[in-house]
Amino acid sequence: MRSFFDVAHLIELHERRLMLYAEKYQQYMDKLTHLLFIYSAVAFFLMPITRDLFKSGREVHVLYHVCYVTMLGMLSVSMMYAARLVLVTKSLLPAPLDKYFTLLEKLMLEGMEPDVIDTNLQLFYMGDLVIVVEKFAKLIVRKERYHNYMYVWGLMAMVPYLVCLIFHLVYEFDV
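Conventions adopted
- Residues numbered from 1 in each chain as written.
- Predicted model: local features only at pLDDT ≥ 70, side-chain atom pairs only at ≥ 80, totals over all residues.
- Heavy atoms only, no water.
- Helix = DSSP H or I, 4+ residues; strand = E, 2+ residues; numbered from the N terminus.
- Buried < 20%, exposed > 50% of the residue type's maximum accessible area, 1.4 Å probe, protein only.
- Contact = heavy atoms within 4.5 Å.
- Areas by Shrake-Rupley, 256 points an atom, 1.4 Å probe, with all protein chains shown as cover.
- Axes fitted to C-alpha atoms, helices over the stretch in contact; angles between N-to-C directions.
- Parallel < 35°, antiparallel > 145°, perpendicular 65-115°, else oblique.
- Left-handed = near helix turned anticlockwise from the far one by under 90°.
- Nonpolar A, V, L, I, M, F, W, Y, C, P; charged D, E, K, R; others polar.
- pLDDT = per-residue confidence, 0-100.
- Core = buried A, V, L, I, M, F, W, Y, C linked by side-chain atoms within 4.5 Å.
- Phe/Tyr/Trp six-rings, centres within 6.5 Å; stacked < 30°, edge-to-face > 60°.
- Patch = residues over 30% accessible without salt bridge, like charges linked within 9 Å, V, L, I, M, F, W, Y side chains within 5 Å.
- Salt bridge = Lys/Arg side-chain N within 4 Å of Asp/Glu carboxyl O.
- Expected span 1.5 Å × (residues − 1).
- Arc of directions from axis to C-beta.

1. As for the overall build of the protein chain
Then, number 1: Helix and strand counts for the protein chain stand at five helices and zero strands.
Then, number 2: Sequence-ordered secondary structure for the protein chain, helices as α and strands as β, is α-α-α-α-α.
Then, number 3: Looking at the protein chain as a whole, 34% of its 175 residues qualify as buried.
Then, number 4: Long-range pairs, those at least 24 residues apart, make up 82% of the contacts in the protein chain with a sequence separation of at least 6.
Then, number 5: When the accessible area of the protein chain is evaluated, it comes to approximately 11,700 Å², of which 68% is carbon and sulfur surface.

Now the structure itself:
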C-alpha cells in the first residue's frame, strides 16, 4: 500500500471514488425504465377504471373509489420521487484545467521552484477533487433515497391498482 502522504496516490484514490459514484448514479438512471414499465401498465387500464367510476351512471362500491384515490396518490408520490431522481440540481463537474494553468503561471512568476510548484498544484487539484467527491457522495445518498422511495411507492400502488382492476373486470362482465 502506498503512503497517504503521497499526493499523487491520494489524487488517484479520489478519482477512482469519483468514477465509482458516477457508475452508481448511472445504475439508478438505468433502473428507471423498470418503473416506467409499471407506470405504462397502470396507464393501460387507468382510463377504463376512471370511466367506470365517473361516467358509468351506475353505483359502484365505495372500496373501488377508495382504492382508486389511494392508487393515484401513491403513484403521484412515486412519480414525484422519479422526477427528483432524474433532475440534476447542480453541476458536479470539476474545475476547468485553465484554473490550474493560470495558477501555474502565477507561481512561476513568483519564482518558486518547479518541485514546489508541482506539489502546490497537486494539492490544489486534490482539494478541488475532494470537494467534488464529497458533493457526489451526498448526491448519491440523496438519489439512492429517491430511488428507493420511488420504487416503494410505485410497488405499493399496485395493491390498490389490482383491487381497482378486479372491480373493473367485475363491472365489465356484470353488464
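After that view of the structure, there is still more to cover.
2. Some details on the packing of helix α1 (residues 7-54) against helix α2 (residues 62-86)
Then, number 1: Following both chains from N to C, one finds α1 and α2 inclined at 155 degrees, their axes separated by 11 Å at the closest point. In terms of their interaxial angle, α1 and α2 are classed as roughly antiparallel. Between α1 and α2 lies a crossing whose hand is left-handed.
Then, number 2: Here the contact of α1 with α2 is built from residues that sort into 20 nonpolar, three polar and one charged.

3. Here we look at the confidence of the model for the protein chain
Then, number 1: Per-residue pLDDT for the protein chain averages 83, and the proportion of residues at 70 or more is 90%.
Then, number 2: Mean pLDDT across the secondary structure elements of the protein chain bottoms out at helix α3 (residues 98-109), with 77, and peaks at α2, with 91.

4. Remarks on the side chain of H168
Then, number 1: Secondary-structure assignment places H168 in helix α5 (residues 158-174).
Then, number 2: The class of H168 is buried, set by a relative accessible area of 6%.
Then, number 3: Setting aside chain neighbours within four positions, we find H168 in contact with F45, P48, I49, D52 and Y64.

5. Some remarks on the nonpolar core
Then, number 1: Membership of the largest hydrophobic core comes to 41 residues, with the highest contact counts inside it found for I49, Y64, L85, M150 and Y161.
Then, number 2: At the level of elements, α1, α2, α4 (114-156) and α5 are the ones that each hand at least two residues to this core.
Then, number 3: Of the residues forming this core, the biggest block, 14 residues, is contributed by α1.
Then, number 4: Not counting the four nearest positions on each side in its chain, I49 is found in contact with Y64, Y68, Y161, C164, L165 and H168.

6. Focus on the packing of aromatic side chains
Then, number 1: Overall, the coordinates contain six aromatic pairs when judged by the stated rule.
Then, number 2: Here the aromatic rings of F44 and F45 are separated by 4.9 Å at their centres, their planes lie at 90 degrees, and the arrangement is edge-to-face.
Then, number 3: Put simply, the rings of Y81, Y146 and Y149 pair up and form one aromatic cluster.

7. Section: the side chain of H147
Then, number 1: When you line up the elements, H147 lands in helix α4.
Then, number 2: Judged by its relative accessible area of 8%, H147 is buried.
Then, number 3: Not counting residues up to four positions away in its chain, the partners in contact with H147 are Y28, K31 and L85.

8. Some thoughts on a nonpolar patch on the surface
Then, number 1: Together, V62, L63 and V66 make up a nonpolar patch on the protein surface, roughly 260 Å² of accessible area in all.
Then, number 2: Following the sequence through the fold, V62 ends up in helix α2.
Then, number 3: V62 sits in the exposed class, given a relative accessible area of 59%.

9. Brief notes about α3
Then, number 1: The end-to-end C-alpha distance of α3, which contains 12 residues, comes to 17 Å, matching closely the 16 Å that a straight helix rising 1.5 Å per residue would cover.
Then, number 2: Burial in α3 covers these residues: Y100, L103 and L107. Summarising the axial view, the buried residues of α3 lie within an arc of 60 degrees, below the 170-degree limit, and thus occupy one face. Pointing more than 90 degrees away from the buried face of α3 are the exposed residues D98, T102, E105, M108 and L109.
Then, number 3: Residues of α3 that are buried make contact with α4.
Then, number 4: Positive backbone phi, approximately 85 degrees, marks G111, located one or two places after α3.

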